[in-house]
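Observations on chain architecture
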Amino acid sequence: MNIQGEVAEGYEAVRDAFVRNFEVLGDRGAAVAVYRDGRRVVDLWGGTHDVDGTDPWTAGTAQVVRSATKGVAAAVPLLLHQRGLLDLDAPVGDYWPECKAGGKEGALVRDLLAHRAGVPALDVPLTPEEAADGLSGARAVAAQRPFWEPGTEHGYHAQTFSWLLSELVLRVTGASLGSWLAQEVTGPRGLDFWIGLPQAVAETGRVGRVGAVEPPQSAGALRTRPRRNVSEAYADPDSLTRRAFAAITPLADENAPAYRAAELPASAGIGTARALAGLYASLIGDTEDGPRLFTPETTALAGTELSSGPDRVLVVNTRFGPGHMLHSPASPMLSPASFGHPGRGGSLAFADPESGIAFGYVTNALASSVTADPRAQALVRALRTAL
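A few words now on the pairing of strand E9 (residues 317–320). Of the pairings in the sheet, the one linking strand E8 (residues 307–310) to E9 comprises four bridges and is antiparallel in character. Following the sheet pairing, Gly309 is matched in E9 by Thr318. Counting the residues that bridge the hairpin from E8 to E9 gives six residues, and of these Val315 lies at a positive phi of roughly 65°.

What follows deals with the nonpolar core. Trp96, Trp163 and Phe339 are the most contacted members of the largest nonpolar core, which totals 70 residues. Here this core takes nine residues from helix H13 (residues 273–284), the largest share from any one element. Dropping the residues within four chain positions of it, Trp96 is found in contact with Ala138, Val141, Ala142, Trp163, Leu164, Glu167, Leu168 and Arg171. Residues Ala244, Met325, Phe350 and Val370 belong to the second largest nonpolar core, which totals 43 residues.

Another point: the side chain of Ser328. Among the structural elements, Ser328 can be located in the loop between strand E10 (325–326) and strand E11 (339–342). Discounting residues that sit within four places of it in the chain, Ser328 has contacts with Asn317 and Arg319.

What follows deals with unusual backbone geometry. Cis geometry marks the peptide bond from Thr249 to Pro250; its omega dihedral reads 0°. Within the secondary structure layout, Pro250 lies in the loop between helix H11 (240–245) and helix H12 (257–261). For His115, which is not glycine, the phi torsion reads 60° and is therefore positive. Mapped onto the fold, His115 is located in the loop between helix H4 (109–113) and helix H5 (128–132).

With that settled, the discussion passes to helix H7 (residues 161–173). Three or four residues apart is the spacing at which side chains of an α-helix point the same way, because the helix has 3.6 residues per turn. End to end, H7 covers 18 Å across 13 residues, agreeing with the expected 18 Å (1.5 Å per residue, within 8%). For H7, every residue scored as buried is listed here: Phe161, Ser162, Trp163, Leu164, Leu165, Ser166, Glu167, Leu168 and Val169. Where the residues of H7 are buried, they touch helix H2 (68–82), helix H3 (92–95), H4, H5, helix H6 (136–143) and helix H8 (177–189). Positive phi shows up at Gly174, right after H7, with a value of about 80°.

Further remarks concern the pattern of salt bridges. By the definition in use, this model includes 14 salt bridges. As a salt-bridge pair, Arg243 and Asp123 come within 3.3 Å of each other at their nearest N and O atoms. One end of the pair, Arg243, is in helix H11; the other, Asp123, is in the loop between H4 and H5, with 120 residues separating them in the sequence. Between Arg319 and Glu305 there is a salt bridge; the shortest N-O distance is 2.7 Å. Residue Arg319 is located in strand E9, and its partner Glu305 is located in the loop between helix H14 (296–302) and E8; the two are separated by 14 residues in the primary sequence. You can call Glu305 partly exposed: its relative accessible area is 39%. One connected set of salt bridges, linked through shared partners, spans Asp27, Asp373 and Arg375.

Among the structural elements, Lys70 can be located in helix H2. Of the side chains bearing the opposite charge, Glu254 lies closest to the buried Lys70, which forms no salt bridge; the N-O distance is 10 Å. Of note is the side chain of Lys70, whose polar atom sits 2.9 Å from the side chain of Tyr156. When residues no more than four places from it in sequence are discounted, the contact partners of Lys70 are His115, Tyr156, His157, Ala158, Phe161, Pro265, Ala266, Gly323 and His341.

Looking now at the confidence of the model for the protein chain. For the protein chain, the mean per-residue pLDDT works out to 95, and 97% of the residues sit at or above 70. pLDDT under 50 marks residues 221–226. Its contacts with residues more than four places away, or in other chains, come to eleven contacts.

It is at 10 Å that the axes of H2 and H8 come closest, and there the two elements cross at 75°. Considering the angle they form, H2 stands roughly perpendicular to H8. Side by side, H2 and H8 meet where Val72, Ala73, Val76, Leu79 and Leu80 of the first sit next to Leu177, Trp180, Leu181 and Val185 of the second. Residues that form the contact of H2 with H8 fall into these classes: nine nonpolar, no polar and no charged.

Working definition: the strands of a sheet are paired by backbone hydrogen bonds and lie parallel or antiparallel to each other. Strand order in the open sheet made by the three strands is E4-E7-E5, with antiparallel pairing throughout. Here the strands that pair on one side only, and so sit at the sheet edges, are strand E4 (63–64) and strand E5 (193–194). As paired elements, E5 and strand E7 (residues 270–271) share two bridges and run antiparallel to each other. By the bridge assignment, Phe193 is partnered in E7 with Gly271.

Cut-offs used in this document
- Residues numbered from 1 in each chain as written.
- Predicted model: local features only at pLDDT ≥ 70, side-chain atom pairs only at ≥ 80, totals over all residues.
- Heavy atoms only, no water.
- Pairing = 2+ DSSP bridges.
- Helix = DSSP H or I, 4+ residues; strand = E, 2+ residues; numbered from the N terminus.
- Core = buried A, V, L, I, M, F, W, Y, C linked by side-chain atoms within 4.5 Å.
- Buried < 20%, exposed > 50% of the residue type's maximum accessible area, 1.4 Å probe, protein only.
- Contact = heavy atoms within 4.5 Å.
- Expected span 1.5 Å × (residues − 1).
- Salt bridge = Lys/Arg side-chain N within 4 Å of Asp/Glu carboxyl O.
- Lys, Arg positive; Asp, Glu negative; His and termini not counted.
- Polar contact = N/O pair within 3.5 Å; in protein donor to acceptor, adjacent residues only side chain to side chain.
- pLDDT = per-residue confidence, 0-100.
- Axes fitted to C-alpha atoms, helices over the stretch in contact; angles between N-to-C directions.
- Parallel < 35°, antiparallel > 145°, perpendicular 65-115°, else oblique.
- Nonpolar A, V, L, I, M, F, W, Y, C, P; charged D, E, K, R; others polar.

As structure tokens, this is what we get:
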């Protein structure tokens, strides 16, 4: 495997793990980047640009990162809160009156961000076209009756998080979440990450094709084996788990131009590992790309637990802060202080304020993992040995 890029002295174990991901764990094309104290210490890529192609992955190759998008999107409401524009303790209905319908008048902004709003699924799923039109999703979640009293339990809002968060940001700022992110965060720092891929970027051919893969036999014991109750929940069409992930039905084509252009902050962000790591680095300190984005107080808030315990959707114990997933056995990051988000199928990005580490891993080979992909975890374990 021809691996490109650089690692700083002391981080060679990360490169070794990255190589092994291709040789043993079935990666097709991938990249990993790590910042420490604002300086990039790992920047590696290899394999193919497309999961089903032969052209090489390059330094600028970007991919759909699925739910790792949620962690990037979560920076927006926290920045709005930091600027005094969004009160996390206010009812969502104060900003978005239509969202009071169906018994959701008590849902607070912090409930929405911490997957406690009670609307992880829709009684009538949206088509891919409706999901992407910028109007149907917000109307559907606003009208949806909650599956539990908001604020009393939590369950992963796998798809509906897109429309809940997008509409909230729109009501507060007058701008779409993707455009606000580009104008205020990623654009000024030169970070190649988009929620809503611009046509000009799409035409460059930088975004590779993703696709589902089965882990090879060489993966052995590291192949993903969910617990029986988790498997049953995903298999049952009437379960809240299945309905949450099927809020868009049929499944959208993640390689289609229309899907890539859609602003879906729960699932359709596109970017590089370098951009993911760079963004998270900016949430915990100054970086090579610019001054820190979060104040120390907002950084602490990002890692504050708001939800923990049994997850009504994922059927495992999960932990969430105000928008980010937190380190847990179900979603291991670097340490209990870490906050970030995995993407179903492989991608992972997070910050760890205690060590000054920011991490980003992107792959085009989407496995069956949901929150703890073996390839990402191998890289995190290797990183831990370097600290």
